[in-house]
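Summary of the model geometry
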Amino acid sequence: MQTISTTLDAYGAFSKRVNAPGNYSVRARVPKYLPITVPSVSIAPQGFAYLRLHFDVPGDLNGDGVINNADLLMVLFAFGSNSAEADLNNDGVVNNADLLIVLFNFGRSS
Ligand SMILES: [Ca+2]
Ligand SMILES: [Ca+2]
């Protein structure tokens with residue numbers, strides 16, 4: 001599978017020149033959420049595609065595509081601090097709310 005890296009704009013759009021226009025499987029990541037895969041994205045000869053991406057499974061703090069012990073440990077080690085890296089709900093503190101997000105989604109992968 002060919003991998004292309006690009007940056008989405010605020011509307012989730014990207015433009016990327018590809019070697020061959022056609023259908024691609026697009027895997028997208030944002031920090032702290034499980035990545036999502038969108039199959040059969042048609043990329044035009046000009047390299048444009050417009051996607052509506054919805055990231056709905058938070059908890060993947062280390063970005064490896066699975067929510068497991070590694071993510072849990074990141075929350076536990078940062079517990080009580082203001083570590084932005086482990087602050088899943090972005091409220092400025094790492095606490096029970098962040099822990100529950102990891103536990104609720106524990107074992108999920110994409
Ligand atoms: Ca993870
Ligand atoms: Ca928090």
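Summary of the structure given here.

Procedures and definitions
- Residues numbered from 1 in each chain as written.
- Chains lettered and ligands numbered in written order.
- Predicted model: local features only at pLDDT ≥ 70, side-chain atom pairs only at ≥ 80, totals over all residues.
- Heavy atoms only, no water.
- Patch = residues over 30% accessible without salt bridge, like charges linked within 9 Å, V, L, I, M, F, W, Y side chains within 5 Å.
- Areas by Shrake-Rupley, 256 points an atom, 1.4 Å probe, with all protein chains shown as cover.
- Salt bridge = Lys/Arg side-chain N within 4 Å of Asp/Glu carboxyl O.
- Buried < 20%, exposed > 50% of the residue type's maximum accessible area, 1.4 Å probe, protein only.
- Donors = N, O, S within 2.8 Å, 3.2 Å for Na, K, Ca; no water.
- Tetrahedral: all angles 85-135°; square planar, octahedral: opposite > 155°, others 65-115°.

A word on a nonpolar patch on the surface
A contiguous nonpolar surface patch, about 430 Å² in accessible area, is contributed by Leu-73, Leu-76, Phe-77 and Phe-79. Judged by its relative accessible area of 42%, Leu-76 is partly exposed.

Examining the coordination of the calcium ion (ligand 1)
In the first shell of the calcium ion (ligand 1), the protein supplies Asp-60 (OD), Asn-62 (OD1), Asp-64 (OD), Val-66 (O), Asp-71 (OD) and Asp-71 (OD), at 2.2 to 2.6 Å from the metal. If you look at the calcium ion (ligand 1), its six donor atoms make angles of 52 to 161° with each other, and the shape they trace is irregular. A residue is classified by how much of its surface remains accessible, and Val-66, at 22% relative accessible area, is partly exposed.

Observations regarding the coordination of the calcium ion (ligand 2)
Taken together, the protein donors to the calcium ion (ligand 2) comprise Asp-87 (OD), Asn-89 (OD1), Asp-91 (OD), Val-93 (O), Asp-98 (OD) and Asp-98 (OD), at separations of 2.2 to 2.5 Å. Here the calcium ion (ligand 2) is ringed by six donor atoms whose angles at the metal span 53 to 158°, and the overall shape comes out irregular. For the calcium ion (ligand 2), all donor residues lie on one chain, and their spacing in sequence is D-x1-N-x1-D-x1-V-x4-D.

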